[in-house]
Amino acid sequence: MPSSPQHPAPTPSDRSGAVAEDLALYREKFRRRLPESLDDLHGPTQGIVELPLHMAWSGMTAYDMSKSRQRMGLYRTVLHEGLHDDLPRYLNRDLILQVWPVLRTLVGRTVRTVWEDTFPQLASRSRAAT
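Residues numbered from 1 in each chain as written. Predicted model: local features only at pLDDT ≥ 70, side-chain atom pairs only at ≥ 80, totals over all residues. Heavy atoms only, no water.

1. Focus on the layout of surface pockets
- Estimates place the volume of the largest pocket at around 220 Å³.
- Around the largest pocket sit 14 residues that line it, and M55, S58, Y63, R76 and T77 are the ones nearest its centre.
- If you tally residues by element for the lining of the largest pocket, the top one is helix α2 (residues 68-81), at 7 residues.
- Across the lining of the largest pocket, the residue classes break down as 5 nonpolar, 6 polar and 3 charged. (1 Å grid on protein atoms, 1.4 Å probe; cavity = no way out; pocket = protein on both sides within 12 Å on 5 of 7 lines; lining within 4 Å. Points joined across faces, edges and corners; volume = space filled by probe spheres on them. Helix = DSSP H or I, 4+ residues; strand = E, 2+ residues; numbered from the N terminus. Nonpolar A, V, L, I, M, F, W, Y, C, P; charged D, E, K, R; others polar.)

2. Re the nonpolar core
- Counting 30 residues, the largest nonpolar core has L51, L79, L91, I96, L103 and W115 as its most contacted members.
- Secondary structure elements with two or more residues in this core: α2, α3 (86-90), α4 (93-103) and α5 (109-118).
- Leave out the neighbours within four places in its chain, and L51 touches A56, T61, Y63, L74, T77, V78 and Y90. (Core = buried A, V, L, I, M, F, W, Y, C linked by side-chain atoms within 4.5 Å. Buried < 20%, exposed > 50% of the residue type's maximum accessible area, 1.4 Å probe, protein only. Contact = heavy atoms within 4.5 Å.)

3. Examining the packing of aromatic side chains
- Taken as a whole and judged by the stated rule, the model has 1 aromatic pair.
- Arranged with centres 5.4 Å apart and planes meeting at 45 degrees, the rings of W115 and F119 form a pair that is tilted.
- On the accessibility criterion, W115 (1% relative accessible area) is buried.
- Relative accessible area serves as the criterion here: at 3%, F119 is assigned to the buried category. (Phe/Tyr/Trp six-rings, centres within 6.5 Å; stacked < 30°, edge-to-face > 60°.)

4. Brief notes about the confidence of the model for the chain
- Overall, the prediction assigns the chain a mean pLDDT of 86, with 81% of residues at 70 or greater.
- Confidence, read as mean pLDDT per element, is least for helix α1 (residues 12-33) in the chain (73) and greatest for strand β1 (residues 48-50) (98). (pLDDT = per-residue confidence, 0-100.)

Structure representation (structure tokens):
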């Protein structure tokens, strides 16, 4: 739509405010999904795990937990696509602590920041691994 007196073109400051608001909403989307504690994560550590289509809508649906790449793929998918009730079912506290230094490099910045801000033990494990 071209700008007009009724619909002026957005100024750069309007756009930066909208971007900041979008980012805040995006962060909140992930923050609302978090468990209260990492201790709530009781997901599997072995076997074949099948994800429902609301999470695995664009690729693999079955992951072999004995294969590192598939395990990381499962965790990445659950962190990005999982709902609040999915996280305790598919993620495991000990395993996420173990793989976080690598996993944090495979997830988006927003997901990484939300998880590390909420669970400082993840951030400290990343610093200890470097």
